[in-house]
Amino acid sequence: MVKISVLQHAPSTHLPARPGDPTPTSRNLDPLMHPFARARERTRALNAVKMERIFAKPFIAALEGHVDAVETMARKPGTLNVVASGSWDGGMIVHDISLRRHILRVDEAHKGKISGVCFADEDRLLTCGVDRNVKLWDTREVDENGAGPSDVRKPLNVFPGKSAFNSIDHHRTDPIFATASNIVQIWDETKSAPISNLSFPTSIETISAIKFNLSESSVLASIGSDRTFTLYDIRTGKAERRIVMQMRSNALSWSPTFPTTILLASEDHNLYTFDIRSLKTPSQIYKAHVAAVMSCDWSPTGHQFVSGGWDRTVRIWQEGRGTAPEVYHTKRMQRVTSTLFTSDAKYVLSGSDDGNIRIWKARAHEKLGILDSRERAAIEYRESLKQKWKTDAQVNKISRSDFLSLFASVYIVADRQLSSLSRTRHIPKPVHKAGQLKRTMLEAQRVKEERRRKHTRAGESKPTAEKRKVVIAEQS
Amino acid sequence: MARAQKPKQSRRPQAKSLKQNNLRGFAKRQSLKSQRSSKYSESSDVYEYQPENVRRSKVKLQLEKDELDGARRDISGSEDEDDGPKRNGLRPRLVGENDDEGGLGSDEDEEIDSDEAFDESDEERFAGFNFSTKTKSVAKRKPQKRSLQSRTVPLIDLNEDEVELEEAPSENASASEGEDSAADDEEEGDPEDFIDVLDMIDGKGPAESADEGEHTQKEERPSASKARVEGDDVPHLEDEDEDMHDEEDEGISSDESEEDESHISPMDDAISASGDEDDDVGTSLHDLQSFITNLDAGQKRKAPDDEAAPTTETGEARRQKRRMLKERTEAGEENEFAPHRGATKLNLDDLLNPLASSSSNLLSLKKSAKILTSISAKNQTLSAPLPQRTQERLDREAAYQQTKEEVDKWSATMKKIKEAEHLSFPLQAQPAGRTSNLELAAKFKPTTELESAVDRLLKSAKMREEDIAQTESLKMNHLSVEEVSARRAELAKMRELMFRAEAKAKRVAKIKSKTYRRIKKKEKAKIAAKLGEGSDDEDMNEETRMKHEVERARERATLKHKNTGKWAKAMRARGDLDEDQRRDISEMLSRGEKLRRRIQGIGSGDESEEGEDDTEDDEEGAADRIKASAFEELAQLDKGSEGEEDSGRKGKSIFEMKFMKDAIARDQQRAKQMADDFVREMGESNHEDDEDDELTGGRIEESSGATIERVGGRVTYRPGAQLRTVNSLASDTSSITLRSNDLPSDVARSVTPSATSPIPEKLGIATEAPNPWLAPRQDPAKAVPKKHEIAVSKDSASVEKSKNKLRKKAQKHEEEQSKARNDAAVDISMSNVMTLGDNSSAGPSKPKTRSQSGNQRDDGDDDSDVHSEVEEQERLLDRKGKGKANGVKAFEQRDLVARAFAGDNVVRDFAEAKRREMQEDAPKEVDTTLPGWGSWGGTGTRKAQPKPHLIKKVAGVDPTTRADYKKAHVIISEKRDKKAAKYMVKDLPYPYTSKAQFERSMDIPIGTEWNTRVGFQRGTLPKIVTKPGTVINPLEKLL
């Protein structure tokens, strides 16, 4: 039988099945046919990581308006763009961060600093200040009193307290809120006096911050000037447990996806996550700041968090990874007193001493705007390549390097100073120096400790784990 | 008060434990209550969550056993009993707690309600004992009451003893007395009465008058019953005062009530019986009760403080201190409100006596009372409350435990999130608002004007949903019975048919017969063809399209010149034809004829016997035939020459002479060459044809067995080649080259093709100077195309076919081999080689040599492989020299090779090289001493030891640790590859546990080039996916 070769045309084999689909490609998947796959992918990984560094430009905008340091910020639940901020001068502004304008601005919301803001429900905002008042505001364009955006706003309600308030937080669902002064007080929105006082007996401290748990919304946590962290439950109406730490904490934040996890920003330059089921030791220590950490906030995904420090940097951490956070800084940003993630986990806000609120990308190299599917696939591919090849020395080196020094390492390899710089990100010199100093001090401490141990009887003093050093006492 | 007047018989639980509980529970409550009252009286604000508070505090009590140990070591059982109710109290709150809302307040309310309800019913039952009043007073003066209660219990105990002693004698008298006194005091309904009695009982210790004894005796039963009743009743009463007690009390009381019921059930009969006799007994009871209420009314008023006499039984200093009881003195005159107490103790039996006449259940009552009293003996005192700080700490501890438990409910979720490979946020998708049309329609209410207008219209037209439904149902209503039955029958029929069709299909699907299938397929095809006229490409699947395509192509290729074409058919069918058409037809026919002739014409002249059918088979067959005939001719020619030779050898002639022989040989050689050329040409083409048939594109190697080879994903089957092992040791080869005694076996083994092989010429043509190291791998020459021994029918399985092919090949190969062997054998016989010159005429000696070669092969097999290389060369030389017909050349070549590799001892060299390598890498010490430096010179100086600091130690690689240690045939370099080092990792990266794991993960590329689209997408999916512009809310408890 003569063999007849047939010309045939089956469109389904090489045309997309539906209009939007990618064109089907036929290729030989036999690994023997691709001897250079690995080499090619490595090169791609290198390129990907270089691109990342090149496009790493996190700063987006600064929101102005405050005259003094931005003490506190709060995002409106359920929205992406509405953020309220309170300042040391008593001014309160509600920002629309996508349009970068003020929705509401009250210059004299409180006398003295506004120590806390939080949204009560849709349009109502609670602020507390050192003037011993909690005020309830309507944030709508035209409020109940008929005051428009340009009018002077009057608070809807004022809850007078006995001492200066340091923090305020609203219950996630119920119309109650908690304030922190020298005690923790639970208020009903409809009542002018606190409905209950919570305090750990024998404590005479100033509560500096308070937060409701997000998922287990009756659980409440506070930090105090007595280096304490205290856990409350409004169902039992008790302060349930307290831990005393080496240094006081400046801020706290509950994880949105891990309800038992709480993050504390400590004065000792570190951040700690605790599992409230076992408060004896922190579950993780996050070390990179070179000065006190002033604020912290979880990403809504619970896999990242942002912290702002006295060292004028904003750092973005991966949950569970205690070192090497992403560092954001600008020349004019001063001490960062408040930080916030937006509720789509894409942006980070930082309010600082210079009175500005800055908007940053949560991932510095992320491309903003609409992506088509091919581009997204390419980006995802690059990300996974980076992940896969992070063990490669060169890839790793570049990923740790800075934008500037990347070019230095690529083009001016001969220059030794620059190439040595390429090891890490560029950070402001004072921060760098402070880091060096800190390292020296810690090293000295370590050496001293070691020597001390060497000169005591064997087995008498054992080195304690870092985690065990954090909590001095757990009180019930 | 009013409702309390009617006396009723209280139920007495028989179970010992129950009573115990009741008593203890009561005592405990009292103590707690007093404690609390002191605590809460000052706190004015009412925090909603306070009840919770109390509950927790209770939890605390239970939790800290060690704390309470000292205080109430005697109440061992009660704690266990308390566990149940407490837990019940706690649990509903925690579990059933509403998501985010406090939810506690409402919860509580419910409990309170139920509590109250219960209490009310209870009250009726125990109304006779006037509890409400009593408890009110209790509430008023708590501290005292606590002490009183604690005192009552021991009293009962004492009584119990007495009861045992005096039971029989005292009964009647006490009963009558009780009645009398009851009658006296009936009217007095002082609210405080009951308490007073208690007081009196308490105080009885020091001074016991006979009267008092009687009173107390009477008192006995109410108090006993009260002990259990209060468990039920107190909560309600306390509710009025303090809300915080609710929780706990409810827990206990409900539990008790449950127990009550369970225990009492056997007693139900008794109770009902007593109920019947209520009238009879009622009066006496009533008397008794009223008597009791009136007892010592004034007493209490006068000396509430005095009552607690220094009790002799309880001597413990601590307890006394706590209780703050004051010595009791006789105060006031004896009157109806304050009867004097010199009498003997009031006995339980005194109280029971009135029942003696009527009660069938008296005995049981007595029994239960006995148990009650005996047990209460141990329960002398209640614990003192803990210090407030301790208490609070315990509270906090318990509260923390609860919170921990609560948050621990998230642990599974958290674990899942932590372990997830991919997370798409928001994690908790908002419940999609998938509202069906129906739902919308049901909910729809016209709001706007337009809507309402439309609605009105619809309504007027009766077109709204409900109207339509109504009309439909109406229609159904109008159907007659017959119609309905007909419908039903139709439906049933359809169902039946469907079922049958299904069954049939199932049965058919099971048939395995091939013929049946074939027939079926044909039928289907027919149907499809019929239907398929109209159907277009789209619904044709690939297979059928392919089939169609093939068919069409075949038609194109075959039918153009035949009268079976579509057009031709049409023409034939048409019948009458015009000029043009006729011409066309004739043209077509003539073309067909021409083609046929062309195919057959070149071949043999006799095409007449070839059939008229001009299929492809025929064409091919013709070509084959032609070839075959040509080969035959050649063979004939050969044979002729052989014959000539033979004859020539025999006769002595001029041809015997050397020069003539030479000339003849030359001529023959030339002729041969021509023949060979031809053969090769034909053979190759033939071969190609063969190859065409089989689909494999691989080359065919000479072999005897089949090998399956896999090259780059495709499997090819072919006759296996017994390839010479190329990796046979070189050293062996070289050494063996020199040995001439191997020769026979070598030659015997040689697989040289026959002299007819065209290879030498071919090679000669291809390369001017033949490479002696190259051995030809195949011998495609084949003079005669083989007849198929086994007919392979068209429809035989493909396996069969391929097998057949293999067999064919193997056979071919075998023949060649045997031929070669023959040749070789001929070569061996030296004389023949010399004389014959050409060994192409091996025909006559064939049988002999075959056997010979067989033998030789047998014994030569062992070492034959190693010689293969040499053989190859020799063989080649042989072939090359064949044209000159000089066998000696082979030996020359051998010598040449031996000489060429004379000093080439590869194995030794290799070993040497390896040793050197190892030595170089080995760790060593280098003495870096500079002679003359740092040492003394001159005569008489001893040579100093090398200074240790001048000895440089080079840490090399220990020979035993080398990778090639004990591997004789390889040298593995231990040197570091600097270029490769760039791509190495220092240590195993974190998540991996083994090198292989890591390498494997790095080996797999993730790009689109190496993966399917889905694989790529899956491989590059990021761990956390967030959608831009989507609010991610914190986790929420979902109900």
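- You'll find chain B entered in an unreviewed UniProt entry as U3 small nucleolar RNA-associated protein 14, with Somion occarium given as the organism.

- As recorded by an unreviewed UniProt entry, chain A carries the name DDB1- and CUL4-associated factor 13 and is attributed to Somion occarium.
- The UniProt entry for chain A carries the following comment under Sequence similarities (unreviewed entry): "Belongs to the WD repeat DCAF13/WDSOF1 family."

## A closer look at the overall build of chain A
Phase 1 of the analysis: Secondary structure assignment for chain A yields seven helices and 29 strands.
Phase 2 of the analysis: Across chain A, every contact between residues at least 6 apart in sequence was considered, and the portion connecting residues at least 24 apart equals 48%.
Phase 3 of the analysis: For chain A, the exposed surface amounts to about 22200 Å²; the carbon and sulfur share of it is 53%.

## Remarks on helix α20 (residues 449-461) of chain B
Phase 1 of the analysis: With 13 residues, α20 of chain B should reach 18 Å at 1.5 Å per residue; the first-to-last C-alpha distance of 18 Å fits that figure.
Phase 2 of the analysis: Positive phi shows up at Lys 462 of chain B, right after α20 of chain B, with a value of about 55°.

## Remarks on a positive patch on the surface
All names here are of chain B.
Phase 1 of the analysis: Where like charges cluster on the molecular surface, the positive patch consists of Lys 504, Arg 507, Lys 514, Arg 517, Arg 518, Lys 520, Lys 521, Lys 522, Lys 524, Lys 526, Lys 530 and Lys 547.
Phase 2 of the analysis: Among the secondary structure elements, those contributing two or more residues to the positive patch are α22 (481-510) and α23 (514-532).
Phase 3 of the analysis: Counting residues per element, the positive patch draws most heavily on α23, which supplies nine residues.
Phase 4 of the analysis: With respect to the helices and strands, the residue Lys 526 is situated in helix α23.
Phase 5 of the analysis: For Lys 526, a relative accessible area of 62% corresponds to the exposed category.

## Let's talk about the UniProt feature "repeat: WD" (unreviewed entry) in chain A
Residues and elements named next belong to chain A.
Phase 1 of the analysis: With numbering aligned to this structure, UniProt lists the feature "repeat: WD" (unreviewed entry) at residues 107-140, 286-318 and 329-370.
Phase 2 of the analysis: Here residues 107-140 is 0% helix and 53% strand, with 16 Å between the C-alpha atoms at its ends.
Phase 3 of the analysis: Regarding residues 286-318, the helix share stands at 0% and the strand share at 58%, and the terminal C-alpha atoms are separated by 10 Å.

## Description of the interface of chain A and chain B
Phase 1 of the analysis: Every contact between the two is made by 77 residues of chain A and, on the other side, 80 residues of chain B.
Phase 2 of the analysis: Summed over both sides, the interface of chain A with chain B buries roughly 6800 Å², with 59% coming from carbon and sulfur.
Phase 3 of the analysis: The interface formed by chain A and chain B holds 10 salt bridges in total.
Phase 4 of the analysis: Measuring nitrogen to oxygen at the nearest pair gives 2.5 Å for the salt bridge that ties Arg 277 of chain A to Asp 408 of chain B.
Phase 5 of the analysis: Counting the contacts that link chain A with chain B gives 24 residue pairs in polar contact (both at pLDDT 80 or more).
Phase 6 of the analysis: Of the residues belonging to the side of chain A that touches chain B, the class tally is 29 nonpolar, 24 polar and 24 charged.

## Digging into the packing of helix α1 (residues 37-54) of chain A against helix α2 (residues 373-388) of chain A
All names here are of chain A.
Phase 1 of the analysis: Following both chains from N to C, one finds α1 and α2 inclined at 105°, their axes separated by 8 Å at the closest point. Accordingly, the angle class assigned to the pair α1 and α2 is roughly perpendicular. Side by side, α1 and α2 meet where Glu 41, Arg 44, Ala 45, Ala 48, Val 49, Met 51 and Glu 52 of the first sit next to Tyr 381, Arg 382, Leu 385, Lys 386 and Lys 388 of the second.
Phase 2 of the analysis: Of the residues assigned to the contact of α1 with α2, the class counts are six nonpolar, no polar and six charged.

## Considering α1 of chain A
Phase 1 of the analysis: Here α1 of chain A spans 25 Å end to end across 18 residues, near enough to the 26 Å set by a 1.5 Å rise per residue.
Phase 2 of the analysis: Buried within α1 of chain A we find Ala 37, Glu 41, Arg 42, Ala 45, Leu 46, Ala 48, Val 49, Glu 52 and Arg 53 of chain A.

## Let's talk about the pattern of salt bridges
Residues and elements named next belong to chain A.
Phase 1 of the analysis: The tally for this structure, following the rule as stated, stands at 50 salt bridges over all chains.
Phase 2 of the analysis: Its salt-bridge partner being Glu 41, residue Lys 388 comes within 3.4 Å of it at the nearest N-O pair. Here Lys 388 is found in helix α2, whereas its partner Glu 41 is found in helix α1, with 347 residues between them in sequence.
Phase 3 of the analysis: Residue Lys 386 pairs with Glu 383 through a salt bridge whose shortest N-O separation is 2.9 Å. In this pair, Lys 386 and Glu 383 both sit in helix α2, three residues apart, roughly one turn of the helix.
Phase 4 of the analysis: The class of Lys 386 is buried, set by a relative accessible area of 10%.

## Points about the sheet that holds strand β24 (residues 314-318) of chain A
Residue and element names in this part refer to chain A.
Phase 1 of the analysis: Strand order across the open sheet formed by four strands is β22-β23-β24-β25, with antiparallel pairing between neighbours. Each end of this open sheet is capped by a strand with a single partner; those strands are β22 (293-298) and β25 (326-328). When the angles between neighbouring strand axes are averaged without regard to direction, this sheet yields 20°.
Phase 2 of the analysis: For β22 and strand β23 (residues 304-309), the ladder comprises five bridges, and the chain directions are antiparallel. Each residue of the ladder has a partner; that of Asp 297, found in β23, is Val 306.

## Here's the deal with the environment of His 422 of chain B
All names here are of chain B.
Phase 1 of the analysis: Tracing the backbone through its elements, the reader meets His 422 in the loop between α18 (411-419) and β1 (423-425).
Phase 2 of the analysis: Each C-alpha atom of the pair His 422 and Ile 1024 lies 5.9 Å from the other, and the pair is 602 residues apart in sequence.
Phase 3 of the analysis: Filtering out sequence-adjacent residues up to four positions away, His 422 remains in contact with Leu 1021, Pro 1022 and Lys 1023.
Phase 4 of the analysis: Only 3.2 Å separates the side chain of His 422 from the backbone oxygen of Pro 1022, close enough to count as a polar contact.

## Here's the deal with the sheet that holds strand β1 (residues 59-63) of chain A
All names here are of chain A.
Phase 1 of the analysis: Across the sheet, which stays open at both edges, the four strands sit in the order β1-β28-β27-β26 with antiparallel pairing between neighbours. If you trace the sheet from one side to the other, it starts and ends with β1 and β26 (336-341), each paired once. On average, each strand axis in the sheet is tilted by 20° relative to the strand beside it, whichever way the strands run.
Phase 2 of the analysis: In terms of strand pairing, β1 meets strand β28 (residues 357-361) through four bridges, oriented antiparallel. Looking across to β28, one finds that Leu 63 is bridged to Ile 357.

## A look at the confidence of the model for chain B
When pLDDT is low, close inspection of the predicted coordinates is not appropriate.
All names here are of chain B.
Phase 1 of the analysis: When pLDDT is averaged along chain B, the result is 62, and 39% of the positions lie at 70 or above.
Phase 2 of the analysis: When pLDDT is averaged over each element of chain B, α18 comes out on top at 93 and helix α2 (residues 50-63) at the bottom at 37.
Phase 3 of the analysis: Considering only residues more than four positions removed or in separate chains, one finds that residues 37-278, a stretch of pLDDT under 50, has 502 contacts.
Phase 4 of the analysis: Note on residues 603-617: pLDDT under 50 across the span, and 16 contacts to partners over four residues away in sequence or across chains.
Phase 5 of the analysis: Confidence estimates for the predicted assembly give a pTM of 0.50 and an ipTM of 0.90.

## Structural notes on the pairing of strand β10 (residues 167-170) of chain A
Residue and element names in this part refer to chain A.
Phase 1 of the analysis: Along β10, one buried face is formed by Ser 167 and Asp 169 and the opposite face, lined by Ile 168 and His 170, is buried too.
Phase 2 of the analysis: Pairing geometry for β10 and strand β11 (residues 176-180), over four bridges, is antiparallel. Bridge pairing in β11 places Ile 168 opposite Thr 179.
Phase 3 of the analysis: Between β10 and the antiparallel strand that follows it, β11, lie five residues.

Conventions and cut-offs
Residues numbered from 1 in each chain as written. Chains lettered and ligands numbered in written order. Predicted model: local features only at pLDDT ≥ 70, side-chain atom pairs only at ≥ 80, totals over all residues. Heavy atoms only, no water. UniProt positions renumbered as here; feature names shortened; annotations may be inferred. Helix = DSSP H or I, 4+ residues; strand = E, 2+ residues; numbered from the N terminus. Contact = heavy atoms within 4.5 Å. Areas by Shrake-Rupley, 256 points an atom, 1.4 Å probe, with all protein chains shown as cover. Expected span 1.5 Å × (residues − 1). Patch = residues over 30% accessible without salt bridge, like charges linked within 9 Å, V, L, I, M, F, W, Y side chains within 5 Å. Salt bridge = Lys/Arg side-chain N within 4 Å of Asp/Glu carboxyl O. Lys, Arg positive; Asp, Glu negative; His and termini not counted. Charge placed at Lys NZ, Arg CZ, Asp CG, Glu CD. Buried < 20%, exposed > 50% of the residue type's maximum accessible area, 1.4 Å probe, protein only. Buried area = accessible area lost by both parts, 1.4 Å probe. Polar contact = N/O pair within 3.5 Å; in protein donor to acceptor, adjacent residues only side chain to side chain. Nonpolar A, V, L, I, M, F, W, Y, C, P; charged D, E, K, R; others polar. Axes fitted to C-alpha atoms, helices over the stretch in contact; angles between N-to-C directions. Parallel < 35°, antiparallel > 145°, perpendicular 65-115°, else oblique. Pairing = 2+ DSSP bridges. pLDDT = per-residue confidence, 0-100.

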